[in-house]
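Summary of the model geometry
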Amino acid sequence: MDFNLTEERQMLQDSLRRFLADKYTTEARNEFIASPHGFSPDVWAELGELGMIGAAFAEDSGGFGGAGFDLAVLFEEIGRAGAVDPMLENAVLAGGLLADMGNETQKSLLEPLIAGQLQMALAHGEADSRYDLDHVSTRADASDTGYVLNGHKAVVLNGGAADKLIVSTRIGEDTGLSLFLLDANSAGVERRSYGTLTGGHSADIRFADCALPKEALLGDRGSALPALETAHARAIVAVCAEALGAMETAKDLTVEYLKTRQQFGRPIGKFQVLQHRMADVLVEIEQARSAVINAAGHLENPAAIRDLHISAAKNLIGRVGRQVAEEAIQLHGGIGMTQEYDLAHFAKRLVMIDHMFGDTDHHLERFIALSAA
């Protein structure tokens, strides 16, 4: 089986790697993280101008990719550079749902989104929902003019910077989930934005008697859960690929440090015990790469098969990511924890990715359940 990239994906990888390497020095990344929204609007706009955001979308949605391996290439380079741009939030979660469920009028927002001129966020998770996608208590009640939205969404990625929100709700007594597309600055919407550990911002968003017109409904009433599951499956592939890129950079930084750090008159990389630990890291990263390839290849399969392989990948990535982060920091010593050194960011990001969209324990249990079924 040929695992080499196609010519188009190789060009995407090369172009994105050069661009991000130029934009993301340690100092620049720290500045972006400390900025009002946790990323650089200028870099985001340039990504749109270069067409990089379009790699996450199919051609019929205005992009040039959208398949599992397109996401894998795109997000591996994001992880390799330690980029903090809201690609996941805009292109995979909110943008993916808009492309999947929107009507022609709603889909007109995809053009400025792909061009880097519009910010979006998916407001789905709630304070007590944990990793259960079907756990939604936010309500939209029918009114004479449309709907009235009430509820609270927690840890909404990119929620503070978003111009548009996609909000999951239950309408009246519906058992199914529905989605609404609305302006983030609508009356009745209160946002509290805060920085996250590894860049970007999240927000707690409260909806208090927020009036929505009927045309704000995204797709059919009560039909949103399968689309949410697909969007989250794509997001898991994306963060697994991002973790793989971060592992590669952590490994490269550690190998370089072992070659240059002197102890007892020679580089510490000459000591066999450290060589053995580094060899274990290399083996684990290769396993992680295989898991990402497998998950990306199954992304278009029926849901049961797709989710089985994606849970397997997310479980492995969580375990390997933590191991790589811990080994890299231990082999570096104290310098590995300093904000002024790249490794600190990559180690924190690897740990945080384990908790996004289900941690290792969650996906192990899910894999067992899907295997039994």
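Below, the structure is looked at part by part.

About the cut-offs
Residues numbered from 1 in each chain as written. Predicted model: local features only at pLDDT ≥ 70, side-chain atom pairs only at ≥ 80, totals over all residues. Heavy atoms only, no water. Helix = DSSP H or I, 4+ residues; strand = E, 2+ residues; numbered from the N terminus. Rg over C-alpha atoms; globule rule 2.2 N^0.38 Å. Buried < 20%, exposed > 50% of the residue type's maximum accessible area, 1.4 Å probe, protein only. Contact = heavy atoms within 4.5 Å. Areas by Shrake-Rupley, 256 points an atom, 1.4 Å probe, with all protein chains shown as cover. Lys, Arg positive; Asp, Glu negative; His and termini not counted. Charge placed at Lys NZ, Arg CZ, Asp CG, Glu CD. Polar contact = N/O pair within 3.5 Å; in protein donor to acceptor, adjacent residues only side chain to side chain. Salt bridge = Lys/Arg side-chain N within 4 Å of Asp/Glu carboxyl O. Phe/Tyr/Trp six-rings, centres within 6.5 Å; stacked < 30°, edge-to-face > 60°. Core = buried A, V, L, I, M, F, W, Y, C linked by side-chain atoms within 4.5 Å. Pairing = 2+ DSSP bridges. Axes fitted to C-alpha atoms, helices over the stretch in contact; angles between N-to-C directions. Parallel < 35°, antiparallel > 145°, perpendicular 65-115°, else oblique. Left-handed = near helix turned anticlockwise from the far one by under 90°. Nonpolar A, V, L, I, M, F, W, Y, C, P; charged D, E, K, R; others polar.

Description of the overall build of the chain
A tally of helices and strands in the chain yields 12 helices and 10 strands. Taken over the C-alpha trace, the chain has a radius of gyration of 21 Å; the compact-globule value for 373 residues is 21 Å, and the two agree within 12%. With respect to the principal axes defined by its C-alpha atoms, the chain has extents near 80 × 45 × 40 Å. Looking at the 373 residues of the chain, the share that counts as buried comes to 54%. If you take every contact in the chain between residues at least 6 apart in sequence, the share linking residues at least 24 apart comes to 73%. Surface accessibility of the chain: about 16700 Å² in total, with carbon and sulfur atoms responsible for 52%. When the 32 basic and 53 acidic side-chain charges of the chain are each reduced to a single mean position, those positions are 5 Å apart.

A word on the side chain of N90
By secondary structure assignment, the location of N90 is in helix α5 (residues 87-101). Polar contacts involving the side chain of N90 include one to the main-chain amide nitrogen of M120, which spans 2.6 Å. Ignoring anything within four residues of it in the chain, the contact list for N90 reads W44, F57, G95, G96, L113, L118, Q119, M120 and N158.

What about the environment of L74?
The topology assignment puts L74 in helix α4 (residues 68-81). Residues L74 and A227, spaced 153 residues apart in sequence, show a C-alpha to C-alpha distance of 22 Å.

Some remarks on the pattern of salt bridges
For the coordinates displayed, the defined rule picks out 20 salt bridges. Residue D70 pairs with R9 through a salt bridge whose shortest N-O separation is 2.8 Å. Placement of D70 in helix α4 and of R9 in helix α1 (residues 7-23) is noted, with a sequence separation of 61 residues between them. A salt bridge links D307 to R306, with the nearest nitrogen and oxygen atoms 2.9 Å apart. For D307, a relative accessible area of 10% puts it in the buried group. In this structure, a network of salt bridges that share partners links the residues R17, E76, E77, R80, E248, K251, D252 and R289.

As for unusual backbone geometry
A positive phi angle, close to 50 degrees, is found at V155, a residue other than glycine. If you trace the backbone, V155 turns up in strand β3 (residues 146-157). Residue V155 is classed as exposed on the basis of its relative accessible area, which comes to 52%. Located in the positive-phi region is F264, a residue other than glycine, with phi close to 55 degrees. The exposure class assigned to F264 is exposed, which follows from its relative accessible area of 72%.

Quick look at the packing of aromatic side chains
All chains considered together, the criterion is met by three aromatic pairs. The interplanar angle of 80 degrees and the centroid separation of 5.3 Å between the aromatic rings of Y24 and F32 together place this pair among those described as edge-to-face. The exposure classification of Y24 matches that of F32, with both residues buried.

A look at the nonpolar core
Membership of the largest hydrophobic core comes to 97 residues, with the highest contact counts inside it found for L47, F57, F75, M87, L88, I166 and M247. Element by element, the count of residues in this core is highest for helix α8 (residues 225-260), at 19 residues. Other than its neighbours up to four places away in sequence, M87 contacts W44, L47, M52, I53, L74, F75, I78 and V92. One finds F180, A184, C210 and L212 within the second-largest nonpolar core, a separate group that totals 21 residues.

With respect to the pairing of strand β6 (residues 189-195)
Where β6 and strand β7 (residues 201-213) come together, seven bridges link them in antiparallel fashion. Across the sheet, the residue bridging to V189 is F207, located in β7. Where β6 folds back onto β7 in an antiparallel hairpin, the turn is made up of five residues, including G199, whose phi is positive at roughly 105 degrees.

Let's talk about the packing of α8 against helix α9 (residues 272-297)
Where α8 contacts α9, the axes come no closer than 10 Å and their chain directions differ by 160 degrees. In this view, α8 runs roughly antiparallel relative to α9, as classed from their interaxial angle. The two elements α8 and α9 cross, and the hand of that crossing is left-handed. Of the residues in α9, those in contact with V237, C240, A241, L244, M247, E248, K251, T254, V255 and L258 of α8 are L274, M278, L282, I285, A288, R289, V292, A295 and A296. Of the residues in the contact of α8 with α9, the class split is 15 nonpolar, one polar and three charged.

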